[in-house]
Every structure is written in C-alpha cells, then in structure tokens.
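# Topology and contacts: notes
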Amino acid sequence: MQVGFIGLGAMGLPMTHHLVDAGHDVIVASRSRGPIDEALAFGAQDGGDPRGVVQASEVTILCVPNSPDVVSVVDDALPALGPGKLIVDTSTISPDVERVQHERVTATGSRYLEAPLSGGTAGAQRGQLTLMVGGDPEVLAAARPALEPFAGLIVHVGGPGMGQVVKLCNNLIYAAQMLATAEATVMAEKSGVDLTELYEVLTHATGDCVAVRTRLPAPGVVADSPASNNWAPGFMTDLMAKDLDLAVGYAAQHRTPLFTAGLVRQILGAASEAGYGREDFSALAKVIRALAGA
C-alpha cells in the first residue's frame, strides 16, 4: 500500500518506521529536515510537502501537534484530494475542529478518519499504540492495513469528533494521576520514606496506576522513567497543557465540570514557566518539590 505520513516528530518517526518494516511504500513530509533524512535512511520516500504526499498515497496519516497544524495540512492537501484518497488524523486536537476537517475532506470525495493515539513515544517505538477512532467503520476497515503496524489496540468509538473526545477524557485522567503521584512522592521523600519501597507498595496496592508505574518522579526508582533519564519526554509538559486546554474548552461548551483539570493545568503552566515545557510532563513534580522545600 502507498502510505503517506505527515509529521515526523517523536511519535511520527517511529510510526513511520513500523510502516516501512511492514512492507508499505511510505512517502513522508515534515517541518524539519532532520527527521525526513532519518526516514529516508530506513526506506521512506520524500514527498516534499503535504500536497505531494497526498498525491502519491492511497492513505495519508497526519501526526502534528495541534488544531491549526491539522487545518494547515488539510488546506495544503485539498487540491490533491478526491475519490480514492483516505486521510487519517492521529493528532490530538479540538473535537469541533476535527469534525470540520471530516466535512472538508469528504466533500472532495475522499474519506477521513480521526485516530488520536495513546502510549507515548515508548508505545510508538514498540508499535503498541492505542488508537481511538472516530468516523465511518467502513473507512476504518479500509485504513486498517496502514494503522495496524504501529497499533496494539484499535477501537472504533463513534462518529466524527468522538475519537478526540475519548482522547481528551483519557488525558484528563492521566494528568490527574500524575499530579497525585507527584504529591505523594514528594510527601514520602520529605518524610524520609525509601522511594523504592514506596514504589513496591504502590504497585501492589490501591494507589497503583500508569503514572506510578511509568512516571514515578524520582530518579533511579523506575529505570525507564523520564525522571531516571534526565526528564526526556515521552509526552511533553507543553503538549499535556495543550490537551487540558482543549478538554476545559470542550467541557465548558457542554457544561460539564472539570475540577482536577483546572488544578493540574496550573501546575503544568508553572512547570512550563520554570523551563520544563519540553521535558516530560512528569516534570511537574519539580514544581511540587520546590513548593515543599524538598
């Protein structure tokens, strides 16, 4: 299959690698040259720009940071769209903006899906991402060969926009987990608790969660955690803040309360202001530690 890929960031580049390994002809475009050269080295082809990628591809996958980026890519690609083309947006963006892109693309005779991702860079590298798909299930069936190489689980969650809603719900929970994990870790550390023993208890008790297992914010406790690897991002602070902004805005439209989201967003903002915006979002623990004088 001719598969296009636009956006070779920390997620997109390993996803592209899996597509090449699966035997697809992969055509790429990205904003910076370095990732394109990396992709060419493992067998991808340079599509030049979004329009060139779409022209050369049956299925084109987008993986870009935010709503304006997706709109810009669709703007560029529109002249190349038409029957026989399929676009899959794996970015995390506004559900309302996503629904508009569904309409714009399908008006050309092309097909469109959203499939935001969960699993971070580690999941992308392992090819074990979870995809939350919004759109027509028949379109998903056609797109599956281009999604399965980097997916551990693909779940169709509803029509246009619903994949983004489910993704925002997921990140709301994950952000709240991370703040609670950071607070507990700093309290234990300041009290003299052995954090390795804390980790053992938590992973066998009711405090167990993904944030504890993968992001306990104490260097040396979890070997592959960001804290043990100079806070290298599996998911950047600034991106989690962007997702919470999307969730808060969407919830306001639908009059649903988001108490924890507002609090976590403030801590993420403080982490960004402190210079941790491009570090993993578990670096919010540095703000908690500083407030505690730990």
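Our subject is the structure listed above.
Attention in this report is confined to the structure presented alongside it. A quick note: this is a predicted structure, and the numbers were derived from the prediction, not measured.

## Overview of the overall build of the protein chain
Scanning the protein chain from N- to C-terminus turns up 13 helices and nine strands. Here the C-alpha radius of gyration of the protein chain, 20 Å, is about what a compact globule of 294 residues would show, namely 19 Å. For the protein chain, the C-alpha atoms occupy an extent of roughly 65 × 45 × 35 Å along the three principal directions. The buried share among the 294 residues of the protein chain stands at 52%. For the protein chain, the proportion of contacts with a sequence separation of at least 24, taken over those separated by at least 6, is 64%. Accessible area of the protein chain: about 12,600 Å², with a carbon and sulfur share of 55%. Of the charged side chains in the protein chain, 19 are positive and 31 negative, and the gap between their average positions amounts to 3 Å.

## Let's talk about the packing of helix α12 (residues 259-276) against helix α13 (residues 284-292)
Between two packed helices, both the angle of their axes relative to each other and the distance between the axes serve to describe the pair. Put simply, α12 and α13 touch, their axes get as near as 8 Å, and they point 90° apart. Here α12 lies roughly perpendicular to α13, going by the angle between them. Residues Ile267, Leu268, Ala270, Ala271 and Tyr276 of α12 touch α13, and the partners they reach there are Leu284, Lys286, Val287 and Ile288. For the contact of α12 with α13, the per-class residue count stands at eight nonpolar, no polar and one charged.

## Quick word on the nonpolar core
Nonpolar side chains in soluble globular proteins tend to end up buried together. One finds Met240, Leu268, Phe281 and Leu284 to be the most contacted residues of the largest nonpolar core, which totals 40 residues. Those elements giving two or more residues to this core turn out to be α8 (162-191), α9 (195-202), α10 (210-215), α11 (237-254), α12 and α13. Counting residues per element, this core draws most heavily on α8, at nine residues. Ranked by size, the runner-up nonpolar core spans 34 residues in total, among them Val26, Phe42, Val59 and Val88.

## Describing α8
Compared with the 44 Å implied by 1.5 Å per residue over 30 residues, the 44 Å span of α8 between its first and last C-alpha is a close match. One or two steps after α8, the chain reaches glycine 192, where phi turns positive at roughly 90°.

## Topic: the packing of aromatic side chains
Taken as a whole, this structure holds two aromatic pairs when the rule is applied. Ring geometry for tyrosine 174 versus phenylalanine 281: centroids 5.2 Å apart, planes at 75°, classification edge-to-face. Taken together, the residues span a long stretch of sequence, with tyrosine 174 in helix α8 and phenylalanine 281 in the loop between α12 and α13 at a distance of 107 residues. According to the relative accessible area criterion, tyrosine 174 is buried, its value standing at 16%. Consider the rings of phenylalanine 235 and phenylalanine 281, whose centres lie 6.0 Å apart with planes at 75°: the pair is edge-to-face. On the criterion of sequence distance, the pair formed by phenylalanine 235 in the loop between α10 and α11 and phenylalanine 281 in the loop between α12 and α13 is long-range, its members being 46 residues apart. On the basis of relative accessibility, which here comes to 19%, the residue phenylalanine 235 falls in the buried class. With relative accessibility at 0%, the residue phenylalanine 281 sits in the buried group. These aromatic residues form a ring-pair network of at least three members: Tyr174, Phe235 and Phe281. Positioned above the aromatic ring of tyrosine 276 is the side chain of lysine 286, whose terminal nitrogen or guanidinium carbon lies 4.3 Å from the ring centre.

## Here's the deal with the state of the cysteines
Tallied over the full model, the rule gives zero disulfides. Here cysteine 169 is not cross-linked by a disulfide; its sulfur's nearest cysteine counterpart is in cysteine 209, at 18 Å. Residue classification places cysteine 169 among the partly exposed positions, given a relative accessible area of 43%.

## Digging into helix α7 (residues 137-147)
If you check which residues of α7 are buried, you get Val139, Leu140, Ala143, Ala146 and Leu147. Along the axis of α7, the buried positions cluster into a sector of 95°, meaning they face one direction only. Sitting at the head of α7, aspartate 136 places a side-chain oxygen 2.8 Å from the backbone nitrogen of glutamate 138.

## Overview of unusual backbone geometry
One non-glycine residue, asparagine 230, lies in positive phi territory at about 60°. Its place among the elements puts asparagine 230 in the loop between α10 and α11. Positioned with a positive phi, tryptophan 231 is a non-glycine residue whose angle comes to about 60°. Note on tryptophan 231: relative accessible area 9%, which makes it buried.

## Points about the environment of leucine 117
Relative to the assigned elements, leucine 117 resides in strand β7 (residues 117-118). Judged by its relative accessible area of 6%, leucine 117 falls in the buried class. Along the backbone, leucine 117 and serine 91 are 26 residues apart, and their C-alpha atoms lie at a distance of 7.3 Å. Residue contacts for leucine 117: discarding those within four places in its chain leaves Met11, Met15, Cys63, Thr90, Leu129, Thr130, Leu131, Met132, Phe150 and Lys167.

Definitions and cut-offs
- Residue positions are given per chain, counting from 1 as you read along its sequence in written order.
- In keeping with the predicted nature of the model, local features appear solely for residues at pLDDT of at least 70, side-chain atom pairs appear and are counted solely at 80 or more, and the whole-chain, interface and lining totals rest on all residues.
- Side-chain numbers come from the whole structure's heavy atoms, not from hydrogens or water.
- Numbering of helices and strands starts at the N terminus; helices are DSSP runs of H or I of at least 4 residues and strands are runs of E of at least 2.
- The reference for a compact globule is 2.2 Å times residues^0.38; the radius of gyration itself is calculated from the C-alpha atoms.
- When accessible area is computed with a 1.4 Å probe and restricted to protein chains, residues below 20% of their type maximum are described as buried, those above 50% as exposed, and intermediate ones as partly exposed.
- When checking whether two residues touch, look at their non-hydrogen atoms; a contact exists if any pair is within 4.5 Å.
- What sets the accessible areas is the Shrake-Rupley method with a 1.4 Å probe; for residues, cover comes only from the shown protein chains.
- Residues scored as charged are limited to Lys and Arg (positive) and Asp and Glu (negative), so that His and the chain ends carry no count.
- Charge placement uses NZ in Lys and CZ in Arg. For Asp and Glu, CG and CD serve respectively.
- In this analysis, axes come from line fits to C-alpha atoms, helices being fitted only over the stretch in contact, and the angle between any two N-to-C directions falls in the range 0 to 180 degrees.
- Roughly parallel covers angles under 35 degrees, roughly antiparallel covers those over 145, roughly perpendicular covers 65 to 115, and oblique covers all other angles.
- Only Asp, Glu, Lys and Arg are considered charged, only Ala, Val, Leu, Ile, Met, Phe, Trp, Tyr, Cys and Pro nonpolar, and every remaining residue, Gly among them, polar.
- We define a nonpolar core as any set of buried Ala, Val, Leu, Ile, Met, Phe, Trp, Tyr and Cys residues linked to one another through side-chain atoms lying within 4.5 Å.
- Expected helix span is taken as 1.5 Å per residue step, with the number of steps being one fewer than the number of residues.
- Pairing of aromatic rings covers Phe, Tyr and Trp, the last counted by its six-membered ring, and requires centre-to-centre distances within 6.5 Å; plane angles under 30 degrees mean stacked, over 60 mean edge-to-face, and any other angle means tilted.
- Counted as over-ring charges are cases with an Arg CZ or a Lys NZ within 6 Å of the ring centre that also lie within 35 degrees of the ring normal.
- The rule for a disulfide is simple: a pair of cysteine sulfur atoms within 2.5 Å.
- Each C-beta atom gives one direction from the helix axis, and the arc is the one those directions make.
- Two N or O atoms count as a polar contact when they lie within 3.5 Å, although within protein this holds only if one can serve as hydrogen donor and the other as acceptor, and sequence-adjacent residues are included solely when both atoms are side-chain atoms.

Don't take any of this as a statement about function, it's just geometry.
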